[in-house]
Amino acid sequence: MKTGLLTHADCLNHVTPEGHPERVARLEHILHALEDLDLQRVTAPLAADDDLLRVHPQNHISDILDQRPSDGFKQIDGDTFMSPGSVDAAYRAAGAVVRAVDLVLGGEAPNAFCAIRPPGHHAETETAMGFCLFGNAALAAKHALDHHGLNRVAVVDFDVHHGNGTQDLLWDEKRALVITSQQMPLWPGSGRTDETGAYETVLNIPLAPGTGGAEMRAAYKAQAFPRLRAFKPELIIVSAGFDAHQDDPLANLNWSTGDFAWITAELCKIADEVCDGRIVSTLEGGYDLNALAEATRAHVEELMKAAQ
């Protein structure tokens with residue numbers, strides 16, 4: 001079986017103002033970087049509101065729908081914008097992770113990557129923020145738990161910014177382990193080690209500005225991987241942000257493309273040990289276009305190796 005690649009052209013219709021880092025070109029560069037790979041290409045469906053209601057109340061969904069502009073842009077907060085195509089893009093992004101979970105848990109793909117935008121890991125229960133409208137990774141976790149009946153799911157988030165939304169949405173979910181590394185200090189300011197969730201199922205790994213690959217690898221070996229193995233998830237969901245790359249303009253970590261390949265390979269090894277290799281990965285950040293494309297390809301190639 002082949003690694004699944006889930007995406008949709010609607011995700012290119014989420015347009016942001018000139019100069020905004022979360023721009024259409026991000027996904028264009030990624031799709032170009034992946035176009036020659038032998039992947040199982042799947043069209044991302046629109047998420048159903050019943051799916052979104054697993055993580056967001058109806059008032060949040062209604063608020064997003066109500067703020068869709070007929071032209072131009074609607075500014076949600078200091079750095080989050082909507083254009084006329086943003087709602088469909090966000091529903092495709094959420095639909096992609098739901099379909100990816102179905103594919104992997106249904107045995108149709110060993111693992112999958114969702115090349116989608118807008119990203120999701122900053123969207124809190126009732127708050128769109130940080131370029132994010134819906135909590136995609138948390139939705140994937142809840143879909144696996146509630147629809148497929150899994151007992152344990154893990155989310156691993158290596159985006160340079162803390163996944164405050166995923167943490168918020170899964171804070172009270174004892175069936176979900178959330179492991180997230182992030183530069184600290186950095187926006188949004190959350191992600192301290194004492195933020196451990198209602199059931200001690202949140203592990204935050206703050207990394208100082210300037211942290212390189214060697215320090216990152218040591219931190220994951222010492223903290224993240226033992227917790228992951230002990231939890232024994234039946235599915236691993238990856239919030240794959242590539243903005244910890246040394247070339248990224250929005251932060252100050254110094255990971256190389258090889259570091260993203262390494263962390264992906266290590267997660268695949270653990271998945272092989274505990275959950276038959278089942279991984280669903282979804283795109284989060286990454287804002288230098290060349291570094292983003294290169295690191296994403298390295299990430300997907302490691303998923304492909306694990307699928308063989």
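Data block above holds the structure.
To keep things clear, this report deals only with the structure shown in the data block. (Residues numbered from 1 in each chain as written. Predicted model: local features only at pLDDT ≥ 70, side-chain atom pairs only at ≥ 80, totals over all residues. Heavy atoms only, no water.)

**Observations concerning unusual backbone geometry**
Cut-off, in case you're wondering: In this text, helices come from DSSP runs of H or I with a minimum length of four residues, and strands from runs of E with a minimum of two, each type numbered from the N-terminal end. Relative accessibility under 20% of the residue-type maximum defines a buried residue, over 50% an exposed one, and the middle range a partly exposed one, all with a 1.4 Å probe and only protein chains included.
A cis amide bond links Met 184 with the next residue in sequence, Pro 185, at an omega value of 5 degrees. One can find Pro 185 in the loop between β7 (176-183) and β8 (202-207). A positive phi angle, near 75 degrees, is found at Phe 131, a position not held by glycine. Within the fold, Phe 131 resides in the loop between β5 (111-114) and α5 (136-147). Taking the relative accessible area as the measure of exposure, Phe 131 reaches 11% and is therefore buried. The phi dihedral of Glu 200 falls on the positive side, at around 60 degrees, and the residue is not glycine. One can find Glu 200 in the loop between β7 and β8. Classification of Glu 200 as exposed rests on a relative accessible area of 52%.

**So, the packing of aromatic side chains**
Ring pairs (aromatic) are described by centroid distance and by the angle formed between their planes. As a reminder of what qualifies: Any pair of Phe, Tyr and Trp rings, taking the six-membered ring for Trp, is counted once the centres come within 6.5 Å. Such a pair is stacked with planes under 30 degrees apart, edge-to-face with planes over 60 apart, and tilted for the rest.
Here the structure, examined in full by the defined rule, presents eight aromatic pairs. Both rings, one in Phe 225 and one in Trp 262, keep their centres 5.8 Å apart while their planes meet at 45 degrees; by these two values the pair is tilted. Of the two residues, Phe 225 is situated in helix α7 (residues 213-231) and Trp 262 in helix α8 (residues 257-274); the sequence distance between them amounts to 37 residues. Judged by relative accessible area, Phe 225 falls into the buried class, the value being 4%. A relative accessible area of 13% places Trp 262 in the buried class.

**Thoughts on the packing of helix α1 (residues 24-34) against helix α9 (residues 289-307)**
Going by this rule: Only the stretch in contact is used when fitting a helix axis, every axis being a line fitted to C-alpha atoms; angles between N-to-C directions are given from 0 to 180 degrees. Between 65 and 115 degrees an angle is taken as roughly perpendicular, under 35 as roughly parallel, over 145 as roughly antiparallel, and anywhere else as oblique. A clockwise turn of the near helix away from the far one marks a right-handed crossing, whereas an anticlockwise turn of less than a right angle marks a left-handed crossing. The contact definition used throughout considers only heavy atoms, calling two residues in contact when any of these lie within 4.5 Å.
Their axes nearest at 9 Å, the elements α1 and α9 cross at an angle of 45 degrees. As far as their axial angle goes, α9 and α1 are oblique. The element α1 and its partner α9 pack so that their crossing is right-handed. Every residue of α9 that contacts α1 at Ala 25, Arg 26, His 29, Ile 30, Ala 33 and Leu 34 is listed here: Leu 289, Asn 290, Leu 292, Ala 293, Thr 296, Arg 297 and Val 300.

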